[in-house]
Each structure stands twice: as structure tokens, then as C-alpha cells.
Amino acid sequence: MHRYRTHTCGELRKEQIDQTAKVSGWINSVRDHGGIIFIDLRDHYGLTQVVIDPAQPFYKGVEHWRVESTVCFIGKVVARIPDAVNPRLPTGEIEIVAEEMEMLGESLVVPFQVAKDEECNEMLRLEYRFLDLRRESLHNNIILRSRIISRMRELMTAEGFMEIQTPILTSSSPEGARDYLVPSRVHPGKFYALPQAPQQFKQLLMTSGFDRYFQIAPCFRDEDARADRSPGEFYQLDMEMAFATQDDVFEVNEHVLHKIFTEFSDKQIDDIPFKRIPFKEAMDKYGSDKPDLRNPLIMQDASELFRGCDFKAFAGVVASGGVVKTIAAKGCAGESRKFFDDMIKFAQSVGSKGLGYLRWIDGEIQSPIAKFLSEETLNQLKELGGVGDGDVMFFVADKMKEATEIGAAVRDELGKRLGLIDPDVFKFCWIVDFPMYELDDDGKVEFSHNPFSMPQGGMKDIEEKDPLEILAYQYDIVCNGTELSSGAVRNHNPEMMYRAFEIAGYDRSVVDEKFPALQRAFKYGAPPHAGIAPGVDRIVMLLADEPNIREVIAFPMNQKAQDLLMGAPGNVDHHQIRDLHLKLHLPKKVEKESE
RNA sequence: GGGGGUGUAGCUCAAUUGGUUAGAGCGCCAGCCUGUCACGCUGGAGGUUGCGAGGUCGAGUCUCGUCACUCUCGCCA
């Protein structure tokens, strides 16, 4: 007989009745009836009830066993009496009558209950993550994550991709986020950086002739956390394809994501190919480059209808170059006064001066602003929004950027408040045709996304077009308002790369200095290539229906990038610091604390 | 760095307008109970109301400061 078990706690059925079984696991609960004790024994696979008779020599001690201790039982598998069958347990038709027992690992009193699904504060959960991970919902999330990643590997391999590891210790590069640095012992004063993404390595692999690369890749960025963004580190399904177009990348990702989402969720998934929405259209209609398409509301431009009208607040905005955005919401004219007041308050809370609205009720218009508008204008608005009796149109007037942002927030809020968002669907879309450049706050031309992206018109665009008019083969994939990934067809032409950087104000030497490997590689016959890197954590988060990314990560850090279980970041020995040729210059506040 | 929320027993929460000795459920400890499965019953222990000031006859409740967690803006090409 095996040292610890012949069966797991999830596998015994009627078929094993009369066999002697050995099971090991955690004490999920103890029900002491005085003359008889029931123990639910739990392991990774399930729960099995163990019965302990008073005749057993170990009976006396059992009453005092604490939950979450690990024990081993040997006993006979018996059928439960019909009245005692538990239909909620897969093992509910049998129980084990204990004949021998062994305590394997005693537990202290647990700081929070493991067997019960009770909310518990985050800090405690992170400090005792090993206990939290025993709890059913988190345990299941980690299992789900494992299955998803395993399936991703199968699907990517089936699509002809090879998984290749790229370095974790690499060089710092000036792109994007803040780097995590690792000091070099051998080279005083020099530092490795943890990769923000394997971006340059995967492009180098393309120049090395590997046709289709992928990796479940750890990425490190020293930026602040959000509910859907873990601090420090996260994983991407990183991929790159040689001799490939944007459509090739879309096709592979549609296959893989559609399968993953179909297989790991009961929700309704969009058919492939997924909808493609140009960036500009997304901004106009949804005010966002990651629209939640479950929300049917869209924004429209009503600026011209308000130009020169008697409603000075709006007319003035339009006259000074601003816009009036409108959202038509069907069937909500009957909402209470409070609803509309709350919406106005909400709009103000996100920076709007106000929120205009028109309500069509019983053939009449009810609105604080209707009296300023001509019948003709009202009819034109009605036509624009496609509204009728019982419907409402909301209006936001501001400068383009502000109106867009506020409109997007109002759209989201209306979607939530009016219950328009179907929780049982996944709505995907590709956002395409991102601009290559944008103006930064100082009015300077800057890359708007990835400087390695290919301009859609190639060298011709770079030479001739207004930089702000150049579109890139740069795309995002969005699901239910969550950005799963950005990707791009890369610029593999070294000369075009120099020119693209020049437009953003960087000298040729900057490209050579900052991206020496890529730029050198591109000079030895680079294949055209394209890629993307969907976020694994976010995909699991959507499929697990969890609002917070910590719920799908086994050992997450808190919002301040601390690992409360391991105590990271932590102090190190002075010798270690000396070996690395470092001296600390701590802020005064921290110095005081460590004294 | 800015803004919002939260902080009361080991855990989850309550405590009317500022008013008696800060309560409940779960957990813990002790006892009873032979068919429960969130077992049940009886009893008990457990509190610097995050911390520090202020004001009040009187503060969990009001004011100020501070700390922690969280959400968010900045940031994440």
C-alpha cells in the first residue's frame, strides 16, 4: 500500500465499496456528534467523508483536531445509508470508516476560514497566501490558469509556432516603462534590466529565420498597479511571425482566442473574424480605443446642429472650435428625476461642466434646454439619434479631447445604470489604423505607440505625409472593454527606421545607440514580420470572471509592489551591497524608519 | 505625487442625533450529543474602536494630523 494514499479525496465511488482505502488530506471540517465523528477530508481533487467510531483508540484525540491539519486515514469504503447520501458531493454516496489514522501535519488556528467562502481583507490573504490558495475559488482560478496556458501552448504549436526562451537578464532600453534593474557584480557600475517584454528578442528571432515564435513570457515593468494590472510582473502570450501581414496575425489570434474563450467559458463568444474598428471610428463612437461593445450606446457628433443656436453654452463651445457629442439612449425617458440628476452629477465628477438631455415623453419634449432650440433643430436631433417617444438624448459639449473622454465615461455609466451590459457575452474587436505619431503636451511630434511599427504607406508616407496623418500597421485586440494586447507589423527596414525616428526628433545615432542589436540585424536581410502579445493574466481574469488580477495569480504582490508572504522587497546584507559596488542614498524618511 | 473609499474581537460586520458596561454571526476554549455534511445545544474567553492630537460634561461617531489597505488619475511607447 502506498505510504500516503491509495485514492485521492475526489475519486471514491460506489464501485470501491468494501475495498480498503488510504486517503490523505486536509481536515475541511469536523462534526462531532458525541458518539460519532464525521470528518470531511479535502485534497486537490475533492472531499471525502471519514467516519470515526468511538471504539477506535484515536477517537478521543480527534475531537481536538484543528481544521486545516493534514492527516492520513486507512479504512473501509462503505455505502452511506440512503438518508445520509450527499448529492452535492461527487463522493457523496460513500464514506470511509476509519481504522487507522496518522497525523501528518498539525495546523495552528487559522487566521481566516479556509473552508468557507467569506470575504477577508486583502493584506491578511496575501500574508497567508498558502492558506488562501487552499480556498476553493482561488484554487480553482489557479487550476483554470494552468489549463488555459497549457491549451495555449497546444494551440500555438498546432499553428506552427515554436516556444523559445529569451533572456530575463538583459539590457535596459529607453522604450516605454520604467525598468527593473539588476546590478552587475562583475562589471562595477553596470546594470542588467529585466525585460519589459521580449520585443527585441522576438524580432531578432525573426531575423534568425525562426518563422513562427511564441512564448508564455514573463514581463517586468516598474509601474503602479491597477485592478487589472499587477505591479512588477505579468505574463504575455508573446508571438511573432515572419513574412506575415496584419491579417495573418489576426487569423492566428482569432483561432487561438476563439478556441480558448469557447472552451473555458459558457458565455457567448463573437464569431470570427472579429470586428475591426479603425482607431478614429472607435474614438468618435465610443470615445475610447478599448470600447466595451457589450454596451450598445454610441456617441454621435451633434456640433453642427448647435452651431449658432440660442443655447449659448453649447453654441459657444462650437463657435470656439469645440464639439457637442450626443448619446441616444432608447427607452429610458421614464427614469426618475433622480436618475437624470445623478447622471449630471456623474458627468461633473468626470470633469464636465454639465450634461444636457432631451426626453421625449408622450409626444412632448421635456428638457431644461429644449426651450432654446428651434423645432427644426429638435427634429434634426431626433433624426440624428434615431429616437422617438420614450427615448432620451444626452449631450456633452467641450473641446474635442474633453468631450470625447466625458462622453466615453457617460456612455459607460449609462450602460451600467440602465443595465445594458450583458454579463454573459464576450465581445471582441480589433482596433486598427492607429496613428503613427501624435503631439505630446509640448506640441512636439512623438511616437504615439510602438516606434517599431510599420507606417502603412511605408517610406512614401514617411517622406511625403504630414506625420500626424501617417497611420501605422498597429493594432489592439479588445474584449469587453479590456485591452488584451497591442501588436504591430514591424518596421524591418533600417533606413525607414532612421527616418521614422528622425520625424520624432531623434538623430540616426539614437537608433544605433538605443537599439543596436535590432538595427544591426535589420542590415543583414530582415524578413518582414509582425506580432502581438495577448496578456495571459487578463485573459484568465475574463474567463474566471474576476474583477481583480490578483485573483488569478498564485503569489501576487500588493498594490505597492510588495510580496507580503516572502517579504519582498527586503533588506539585504551589507556584504551583498558591497559586492555589487553600490552605496545607498536613502530618502530621509526611510533612513529614520530603518534606524 | 494627486483624488476617492475603507479601517471596531482572530475573520465578516453592527452600534439611531455625540449619551449606560461597544454588540451579532463565524472562529477559538470547555462541556453535552450516534448520521451529520455550514451538524446541533449550553457555557466561557476574547476590544488601546489603526495610531496621535484637538475640542466636548461626554467621542467608535465631530475636527486636524498620520499610517495601512484598496480603487483611481498620473504612469503603463
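Computed from a predicted structure; not experimentally measured.

Rules used in this analysis
Residues numbered from 1 in each chain as written. Chains lettered and ligands numbered in written order. Predicted model: local features only at pLDDT ≥ 70, side-chain atom pairs only at ≥ 80, totals over all residues. Heavy atoms only, no water. Buried < 20%, exposed > 50% of the residue type's maximum accessible area, 1.4 Å probe, protein only. Helix = DSSP H or I, 4+ residues; strand = E, 2+ residues; numbered from the N terminus. Pairing = 2+ DSSP bridges. Arc of directions from axis to C-beta. Contact = heavy atoms within 4.5 Å. Near = heavy atom within 4 Å. Polar contact = N/O pair within 3.5 Å; in protein donor to acceptor, adjacent residues only side chain to side chain. Nonpolar A, V, L, I, M, F, W, Y, C, P; charged D, E, K, R; others polar. Disulfide = S-S within 2.5 Å. Domains from an automatic or database assignment. Phe/Tyr/Trp six-rings, centres within 6.5 Å; stacked < 30°, edge-to-face > 60°. Lys NZ or Arg CZ within 6 Å of the ring centre and 35° of its normal. Axes fitted to C-alpha atoms, helices over the stretch in contact; angles between N-to-C directions.

Two faces, one strand: in a regular strand the side chains alternate between the faces of the sheet. Within strand β10 (residues 232-242), 9 of the 11 residues are buried, which leaves it mostly tucked inside the rest of the structure. Pairing geometry for strand β9 (residues 212-221) and β10, over 10 bridges, is antiparallel. In the strand pairing of β10, Pro218 is matched with Tyr235.

A few words on helix α11 (residues 375-385). All buried positions along α11 are accounted for by Thr377, Leu378, Leu381 and Gly385. With its buried residues spanning 100 degrees around the axis, α11 presents them on a single face. Of the residues in α11, the exposed ones pointing more than 90 degrees away from the buried face are Glu375, Glu376 and Glu383. For α11, the secondary structure elements touched by its buried residues are β13 (299-301), α8 (303-306), β14 (323-329), β15 (356-361), β16 (364-366) and β17 (392-398). Backbone geometry just after α11 places Gly386 at a positive phi near 65 degrees.

Bringing unusual backbone geometry into the picture now. A cis geometry characterises the amide bond from Ile272 onward to Pro273, with omega recorded as 0 degrees. Along the chain, Pro273 turns up in the loop between β11 (268-269) and β12 (275-278). For the bond running from Ala568 to Pro569, omega is -5 degrees, close enough to zero to count as cis. One non-glycine residue with positive phi stands out, namely Phe243, at about 50 degrees. Looking at where Phe243 falls in the secondary structure, it is placed in the loop between β10 and α6 (246-263). Located in the positive-phi region is His581, a residue other than glycine, with phi close to 60 degrees. Within the element layout of this structure, His581 appears in the loop between α18 (574-579) and α19 (588-594).

Here we take up the protein's contact with RNA strand B. The full set close to RNA strand B counts 49 residues, and Asp32, Ala84, Glu223, His449 and Asn548 are the nearest of them. Measuring from a base oxygen of RNA strand B, one finds a side-chain N or O atom of Asn86 at 3.3 Å. Listing elements by their share of the surface near RNA strand B, those giving two or more residues are β1 (20-32), β2 (37-43) and α2 (122-127). Looking at which element gives the most residues to the surface near RNA strand B, the answer is β1, with 3 residues. Classifying every residue of the surface near RNA strand B by side-chain character gives 12 nonpolar, 18 polar and 19 charged.

As a further point, take the side chain of Asp537. Relative to the assigned elements, Asp537 resides in helix α17 (residues 536-544). A polar atom in the side chain of Asp537 sits 2.9 Å from the backbone nitrogen of Tyr235.

The next point concerns the state of the cysteines. Within the structure shown, the criterion is met by 0 disulfides. Free of any disulfide, Cys9 has its nearest cysteine sulfur in Cys72, 9.8 Å distant. Under the relative-accessibility criterion, Cys9 is labelled buried at 0%.

Here we take up the domain arrangement of chain A. The assigned domain composition of chain A is domain 1 (14-105), domain 2 (122-270 + 482-490 + 527-595) and domain 3 (295-421). Using C-alpha coordinates to define each centre, domain 1 is positioned 64 Å away from domain 3.

The next subject is helix α5 (residues 199-207). By the burial criterion, the buried members of α5 are Gln199, Gln200, Lys202, Gln203, Leu205 and Met206. Looking at the buried side of α5, the elements it contacts are β9, β10, α16 (516-522) and β24 (529-532). The positive-phi residue at the C-terminal boundary of α5 is Gly209, with phi of around 90 degrees.

Counted by the stated rule, this structure contains 23 aromatic pairs. For the ring pair Phe250 and Tyr475, a centre distance of 5.0 Å and an interplane angle of 85 degrees mean the geometry is edge-to-face. Of the two residues, Phe250 sits in helix α6 while Tyr475 sits in strand β22 (residues 474-479), which places them 225 residues apart along the sequence. The exposure class of Phe250 is buried, given its relative accessible area of 1%. What makes Tyr475 buried here is its relative accessible area of 0%. Judged by centre distance (4.9 Å) and plane angle (65 degrees), the rings of Phe447 and Phe501 are edge-to-face. Of the two residues, Phe447 is situated in strand β21 (residues 445-447) and Phe501 in helix α14 (residues 494-503); the sequence distance between them amounts to 54 residues. Considered together, Phe447 and Phe501 belong to a single accessibility category, that of buried residues. By way of ring pairs, the aromatic residues Tyr437, Phe447, Phe452, Phe501, Tyr506 and Phe515 are connected into one cluster. It is Arg508 that lies over the ring of Tyr498; its NZ or CZ is 4.2 Å from the centre.

On to the sheet that holds strand β5 (residues 94-105), then. Read around the closed barrel, the 5 strands follow the order β1-β2-β3-β5-β4; overall the barrel is mixed. Taking each pair of neighbouring strands and ignoring which way they run, the sheet shows an average axis angle of 55 degrees. In this sheet, strand β4 (residues 70-79) lies alongside β1 in antiparallel orientation, the contact comprising 7 bridges. Its bridge partner lying in β4, Trp26 is registered against Thr70.

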